[in-house]
Amino acid sequence: MAEGKEYISHESELGSVSISEEVLAVIAAAAAVDVEGVSSLGSGLSSDVTAAANRKALTRGVRLAVEDERITVDLSILVRYGYVVTDVAKAVQDAVFSAVENTSGLSVSCVNVAVVGVTFQK
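Let me sum up the structure you'll find in this document. Every residue gets a number counted from 1 within its own chain, in the order that chain's sequence is written. In keeping with the predicted nature of the model, local features appear solely for residues at pLDDT of at least 70, side-chain atom pairs appear and are counted solely at 80 or more, and the whole-chain, interface and lining totals rest on all residues. Here the side-chain values reflect all heavy atoms present in the structure, with hydrogen atoms and water set aside.

Remarks on the overall build of the chain
The secondary structure listing takes helices from DSSP runs of H or I that are at least 4 residues long and strands from runs of E that are at least 2 residues long, numbered from the N terminus. When helices and strands are tallied, the chain shows 4 helices and 6 strands. Counting from the amino terminus, helix and strand elements in the chain follow one another as β-β-α-β-α-α-β-β-α-β. Summary of the burial criterion: residues with accessible area below 20% of their type's maximum are buried, those above 50% are exposed, and those between are partly exposed, where the area comes from a 1.4 Å probe applied to protein chains only. Going through the 122 residues of the chain one by one, you find that 37% of them count as buried. Sequence-distant contacts, at least 24 apart, represent 64% of the contacts inside the chain between residues at least 6 apart. Per-residue and other accessible areas follow the Shrake-Rupley method at a 1.4 Å probe size, with only the shown protein chains counted as cover for residues. Within the structure as shown, the chain displays about 7100 Å² of accessible surface, and the carbon and sulfur contribution to it stands at 50%. By definition, residues are in contact when any of their heavy atoms lie within 4.5 Å.

Some words on the pairing of strand β1 (residues 7-12)
By definition, two strands form a pair when at least two bridges between them are found by DSSP. Both β1 and strand β2 (residues 15-20) contribute to a ladder of 6 bridges, which runs antiparallel. Residue pairing in the sheet places Ser 9 in a bridge with Ser 18 of β2. Counting the residues between successive antiparallel strands, the hairpin from β1 to β2 contains 2 residues.

Regarding the nonpolar core
Core analysis: the largest hydrophobic core is formed by 27 residues, its most contacted members being Val 62, Val 73, Leu 75, Val 92 and Val 96. Residues in contact with Val 96, not counting those within four places in the same chain, are Ala 28, Ala 31, Ala 32, Val 73, Leu 75 and Val 111. For our purposes a nonpolar core is just a set of buried Ala, Val, Leu, Ile, Met, Phe, Trp, Tyr and Cys residues, chained together by side-chain atoms within 4.5 Å.

Quick notes on the side chain of Ser 104
Looking at the element boundaries, Ser 104 is found in helix α4 (residues 85-104). Taking the relative accessible area as the measure of exposure, Ser 104 reaches 15% and is therefore buried. A polar contact is formed between the side chain of Ser 104 and the backbone oxygen of Val 100, at a distance of 2.5 Å. Pairs of N or O atoms are called polar contacts if they sit within 3.5 Å, as long as, within protein, a hydrogen donor faces a hydrogen acceptor (for residues adjacent in sequence, only side-chain-to-side-chain pairs). A polar contact of 3.1 Å, which involves the side chain of Ser 104, links it to the backbone nitrogen of Leu 106.

A look at the pattern of salt bridges
A pair is scored as a salt bridge if a Lys or Arg side-chain nitrogen falls within 4 Å of a carboxyl oxygen belonging to Asp or Glu. Counting across every chain of the model gives 1 salt bridge. We note a salt bridge from Lys 90 to Asp 94, for which the minimum N-O separation is 2.8 Å. One end of the pair, Lys 90, and the other, Asp 94, are both in helix α4, 4 residues apart, so they sit about a helical turn from each other. Judged by relative accessible area, Lys 90 falls into the partly exposed class, the value being 44%.

Here's the deal with a nonpolar patch on the surface
Exposure above 30% relative accessible area and the absence of a salt bridge qualify a residue for a patch, where like charges join within 9 Å and nonpolar side chains (Val, Leu, Ile, Met, Phe, Trp, Tyr) within 5 Å. Together, Tyr 81, Val 118 and Phe 120 line one region of the surface with nonpolar side chains, adding up to about 370 Å² of accessible area. Here Phe 120 lies in the segment after β6 (107-119). Assessed through its relative accessible area of 59%, Phe 120 is described here as exposed.

Points about helix α1 (residues 21-33)
Every α-helix winds through 3.6 residues per turn, so residues three or four apart in the chain are directed the same way. A helix is expected to span 1.5 Å for every residue after the first. For α1, built from 13 residues, the straight-helix expectation of 18 Å at 1.5 Å per residue is met to within 8% by its first-to-last C-alpha distance of 18 Å. Counted residue by residue, α1 has 10 buried out of 13 residues, so it is predominantly covered. Of all the positions in α1, only Glu 21, Glu 22, Leu 24, Ala 25, Val 26, Ala 28, Ala 29, Ala 31, Ala 32 and Val 33 are classed as buried. Capping the start of α1, Ser 20 holds a side-chain oxygen 3.1 Å from the backbone nitrogen of Glu 22, two or three residues further along.

Pasting the structure below:
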């Protein structure tokens, strides 16, 4: 995610709508950590309730790129031991794709998921 305040603008007959890249990153991160089998984002952030309160920490494993009003999302995740890694990654792709498109009205070109680790139950 861009560290500065980057906005994606969309023009309509009523005027323009600008959405912060941070907002899109939060939407993507929230969708990813809600997927069963995802332990956390690549930043090591747990998917518990306190994660939702800290937006900056929540988006550490998310990067966005915007080109021609199409969004590319790159995420890093940790998967819980016992889950099929490829199934979890595919579910994250589906969840993030849907969440970003449905909440922003913008087009998502792709969602790239990097599984950077496995976590074990205590």
